[in-house]
Amino acid sequence: MESFPIINMEKLNGEERAATMDRIKDACENWGFFEVLNHGISIELMDTVERLTKEHYKKSMEQRFKEMVEKKGLETVQNEIDDLDWESTFFLSHLPQSNMADIPDLEDEYRKAMKEFAKGIEKLAEELLDLLCENLGLEKGYLKKAFCGSKGPTFGTKVSNYPPCPKPDLIKGLRAHTDAGGIILLFQDDQVSGLQLLKDGEWIDVPPMRHSIVINLGDQLEVITNGKYKSVMHRVIAQTDGNRMSLASFYNPGGDAVIYPEPKLLEKEEQNGQVYPKFVFQDYMKLYAGLKFQAKEPRFEAMKAMEITTI
Ligand SMILES: [Fe+2]
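Basis of the calculations
Residues numbered from 1 in each chain as written. Predicted model: local features only at pLDDT ≥ 70, side-chain atom pairs only at ≥ 80, totals over all residues. UniProt positions renumbered as here; feature names shortened; annotations may be inferred. Helix = DSSP H or I, 4+ residues; strand = E, 2+ residues; numbered from the N terminus. Core = buried A, V, L, I, M, F, W, Y, C linked by C-beta atoms within 7 Å. Buried ≥ 20, exposed ≤ 12 C-beta atoms within 10 Å, placed from the backbone. Contact = placed C-beta atoms within 7 Å. Pairing = 2+ DSSP bridges. Axes fitted to C-alpha atoms, helices over the stretch in contact; angles between N-to-C directions. Expected span 1.5 Å × (residues − 1). Arc of directions from axis to C-beta.

Within an unreviewed UniProt entry, the label attached to the protein reads aminocyclopropanecarboxylate oxidase, and the organism entered is Daucus carota subsp. sativus. As stated in UniProt under Catalytic activity (unreviewed entry), the record for the protein gives "1-aminocyclopropane-1-carboxylate + L-ascorbate + O2 = ethene + L-dehydroascorbate + hydrogen cyanide + CO2 + 2 H2O". Regarding the protein, the UniProt comment filed under Cofactor (unreviewed entry) reads as follows: "Fe cation".

As structure tokens, this is what we get:
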């Protein structure tokens, strides 16, 4: 079987640029996922963010998680749990507004590191969107503009920890889903694995790799490319040993951004009638909120039906 796509971004500056761009194209079309190295975010900053995230979990989150596990009796469940995930999370908003100052238990040092990290991730997200534009034959900046709406993109980081789980066969770390938004950039633990994606009906591990960033495409990029690029199902398997850290940053459209297949990418499909819907991003998010852990196709169909009834 082909191996999980790993892209060395340094090669975009040299002789291997064309081959590297081809690998990104293949990853977007066939995997919905790839992993980038030499992405411009410094190793020192990543190490600081990792250390502070783990310290913050111990200090502010672990006790709360243990109490939740005890209250719900999760240590001793006998049947599969399908209405919750074995994860401890909090969410940091960066754009259009930061919520960092409102989160009471963040140390100044952590807040400062996360601010710098978010700046690097935002820059990387926009760089990657432009690489996708280039591969799609769209003008530079098209995707960024498509995500803009009136207030710019929505950008935030979900900080998660997956503590050791005694029943990983009965409780998922995170149940299978596709991501609703645009492009997702994940800084995952390099020691404790667990992330898997669904490819050709099989669950494949996304390999932990020190100082890499895992990229995946959300539902909106599938719509804009009219299905050329894929938003792919993924899940996290909780582990019996080790605490998995994961920082998933979501670079998404603004709430009022209108999302639709880019006309140039439509030519062939129009003849077959397989055209993705046009909608306002926040309407999609309302639908997604109740259907996150289900297949994406019925969501696209529901948006299509809504489009038809509002014409
Ligand atoms: Fe996800």
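Back to the text.
Caption draft 1: How the structure looks around the UniProt feature "domain: Fe2OG dioxygenase" (unreviewed entry) in the protein. The UniProt record annotates "domain: Fe2OG dioxygenase" (unreviewed entry) at residues 153-253. Between the end C-alpha atoms of residues 153-253 there is a gap of 5 Å, over a span that is 6% helix and 45% strand.

Caption draft 2: Looking closely at the nonpolar core. Grouped together as the largest cluster of nonpolar side chains are 66 residues, with contacts concentrated most on Ile183, Leu185 and Ile215. Broken down by element, this core gets its largest block of residues, twelve residues, from helix 3 (residues 108-136). Excluding residues that lie within four positions of it along the chain, isoleucine 183 makes contacts with Ala125, Leu128, Leu129, Ile215, Leu217, Gly218, Leu221 and Tyr251.

Caption draft 3: Local environment of the environment of glutamate 35. Within the element layout of this structure, glutamate 35 appears in strand 2 (residues 33-37). The exposure class assigned to glutamate 35 is buried, which follows from the 22 C-beta atoms found within 10 Å. Along the backbone, glutamate 35 and leucine 185 are 150 residues apart, and their C-alpha atoms lie at a distance of 9.2 Å. Filtering out sequence-adjacent residues up to four positions away, glutamate 35 remains in contact with Phe4, Pro5, Ile6, Ile7, Met209, Ser212 and Val214.

Caption draft 4: Spotlight on the sheet that holds strand 8 (residues 202-205). Sheet architecture is open: four strands sit in the order 5-10-7-8, paired in antiparallel fashion. Bordering the open sheet on either side are strand 5 (174-177) and strand 8, each of which pairs with just one other strand. Mean inter-strand twist for the sheet, computed between neighbouring axes without regard to direction, equals 25°. For strand 5 and strand 10 (residues 234-236), the ladder comprises two bridges, and the chain directions are antiparallel.

Caption draft 5: View of helix 3. For helix 3, which comprises 29 residues, the first-to-last C-alpha distance of 42 Å matches the rise-based estimate of 42 Å (1.5 Å per residue) to within 8%. Downstream of helix 3 by one or two residues, glycine 137 has phi in the positive range, about 75°.

Caption draft 6: Fine view of helix 1 (residues 17-30). Taking 1.5 Å per residue, 14 residues should reach 20 Å; helix 1 reaches 20 Å between its end C-alpha atoms and fits that length. What helix 1 keeps buried is the set Ile24, Ala27 and Cys28. Along the long axis of helix 1, the arc covered by the buried residues comes to 95°, so they all point the same way. Turned more than 90 degrees off the buried face of helix 1, the exposed positions are Ala18, Ala19 and Asp22. Lining the buried residues of helix 1 we find strand 1 (6-8), strand 2, helix 3 and strand 9 (213-217). The positive-phi residue at the C-terminal boundary of helix 1 is glycine 32, with phi of around 70°.

Caption draft 7: Here's a closer look at the pairing of strand 4 (residues 154-162). Most of strand 4 sits out of view: seven of its nine residues are buried. Pairing analysis gives seven bridges linking strand 3 (residues 88-95) to strand 4, with the strands arranged antiparallel. Within strand 4, the position partnered with serine 93 by the bridge is glycine 156. By the bridge criterion, nine bridges tie strand 4 to strand 11 (residues 244-252) in an arrangement that is antiparallel. Each bridged residue has a counterpart across the sheet, and for glycine 156 the counterpart in strand 11 is phenylalanine 250.

Caption draft 8: Just unusual backbone geometry, in detail. Note that the residue after leucine 95, namely proline 96, is joined by a cis bond; omega there is 0°. Relative to the helices and strands, proline 96 is located in the loop between strand 3 and helix 3. You will see that histidine 211, though not glycine, has its phi angle at about 65°, which is positive. Locating histidine 211 in the fold gives a position in the loop between strand 8 and strand 9. For asparagine 226, which is not a glycine, the phi torsion comes out positive at approximately 50°. Structurally, asparagine 226 can be placed in the loop between helix 5 (219-224) and strand 10. Looking at asparagine 226, the number of C-beta atoms within 10 Å reads 21, which means it is buried.

Caption draft 9: Examining the environment of arginine 64 more closely. With respect to the element layout, arginine 64 can be found in helix 2 (residues 43-71). For the pair arginine 64 and serine 88, spaced 24 residues apart in the sequence, the C-alpha separation amounts to 8.7 Å.

Caption draft 10: Region of the structure containing the environment of glutamate 67. For glutamate 67, the location among the structural elements is in helix 2. The spatial distance from the C-alpha of glutamate 67 to the C-alpha of glutamate 109 is 27 Å, given a sequence separation of 42 residues.

Caption draft 11: Highlighting the sheet that holds strand 2. The mixed open sheet is built from seven strands, whose spatial order is 1-2-9-6-11-4-3. The open sheet terminates on both sides in strands that have one partner only, identified here as strand 1 and strand 3. Averaged over all neighbouring strand pairs, the angle between strand axes comes to 25°, with direction disregarded. Sheet strands in contact with helix 2 are strand 3, strand 4, strand 6 (183-188) and strand 11, and its direction is about 105° off that of strand 11. Set on the sheet, helix 3 makes contact with strand 3, strand 4, strand 6, strand 9 and strand 11; between it and strand 6 the angle comes to about 135°.

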